[in-house]
Amino acid sequence: MGGEVKCEKRVRRMKMLIFAALSAVIILAVAFAVMPVNNQSEASAASGDTTASGESVDSGDSVASGSSWRSSLEPVLVDCSDQNSVVLYDRKVSDVNDTASVVKLLDAMKLEAFAGKYSVKITGTGENCKLFIEMKNPVKKSEQETFNNNMEIYAQQMLALIVEINKVEWSCPAESEGSPEESVTGAVDAAAATQVLGMDVKKFGTSSAEVHKLLLMQARN
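Residues numbered from 1 in each chain as written. Predicted model: local features only at pLDDT ≥ 70, side-chain atom pairs only at ≥ 80, totals over all residues. Heavy atoms only, no water.

### Thoughts on the overall build of the protein
Step number 1: Helix and strand content of the protein: 7 helices and 6 strands.
Step number 2: For the protein, with 221 residues in total, the buried portion stands at 32%.
Step number 3: Carbon and sulfur atoms make up 55% of the accessible area of the protein, which amounts to about 13,100 Å² in all. (Helix = DSSP H or I, 4+ residues; strand = E, 2+ residues; numbered from the N terminus. Buried < 20%, exposed > 50% of the residue type's maximum accessible area, 1.4 Å probe, protein only. Areas by Shrake-Rupley, 256 points an atom, 1.4 Å probe, with all protein chains shown as cover.)

### Quick word on the environment of Val 196
Step number 1: For Val 196, the location among the structural elements is in helix H6 (residues 190-197).
Step number 2: A relative accessible area of 59% places Val 196 in the exposed class.

### Concerning the nonpolar core
Step number 1: Counting 46 residues, the largest nonpolar core has Leu 111, Ile 133, Phe 147, Met 158 and Ile 165 as its most contacted members.
Step number 2: Here this core gets 9 residues from one element, more than from any other, and that element is helix H5 (residues 144-161). (Core = buried A, V, L, I, M, F, W, Y, C linked by side-chain atoms within 4.5 Å.)

### Looking at the pattern of salt bridges
Here the idea is simple: oppositely charged side chains can pair when their charged atoms come close.
Step number 1: The final tally for this structure, using the stated rule, is 4 salt bridges.
Step number 2: Note that Lys 141 is salt-bridged to Glu 182, the shortest N-O span being 3.7 Å. Of the two residues, Lys 141 sits in the loop between strand S4 (139-140) and H5 while Glu 182 sits in strand S6 (residues 182-189), which places them 41 residues apart along the sequence.
Step number 3: A salt bridge links Lys 167 to Glu 169, with the nearest nitrogen and oxygen atoms 3.3 Å apart. (Salt bridge = Lys/Arg side-chain N within 4 Å of Asp/Glu carboxyl O.)

Okay, here's the thing in structure tokens:
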């Protein structure tokens, strides 16, 4: 009789231990299942993966903030190699809702190396579709003209290779001591780019050979 009681106690104890172990396994499984979802949400929020709705797409964090990140601003040197022409054409954006493609194109243009960290926003549709670039790093007053000239070159490439946009606008803080905060602003639309280039800017995005023509023209000017 006493042996049967002891056996029942052991069985009961074993059942309790098994139940506790299963509960721990279930809790851990749920925790691991939830963690990737949270991390993915945080990553999407940080990268700003939206465009057509008017929300911004941020560039990466590889360039430090502040005016000391670049000692001086020089006219951009256009890479008119065949290889670069192919790379840029391969990154052509046919749908502004494809935010990953927009970011890849601007990365291929090396915009961040020139302008520092920035955010991008695409608004409007049809003829009113425009790309707005907001730079984070300030530009010296003495370099504003060079900065805008460089941005016009990038804008021509963007107009050629982002099918739906018809205007590129930009804004950048101006570095000035003892005066109210100012901004360096500029814009290029498809009509203005076409007039400067002497050919419909959109045609330069129809093939890698046409992209090469655009880059050669920009390098000569």
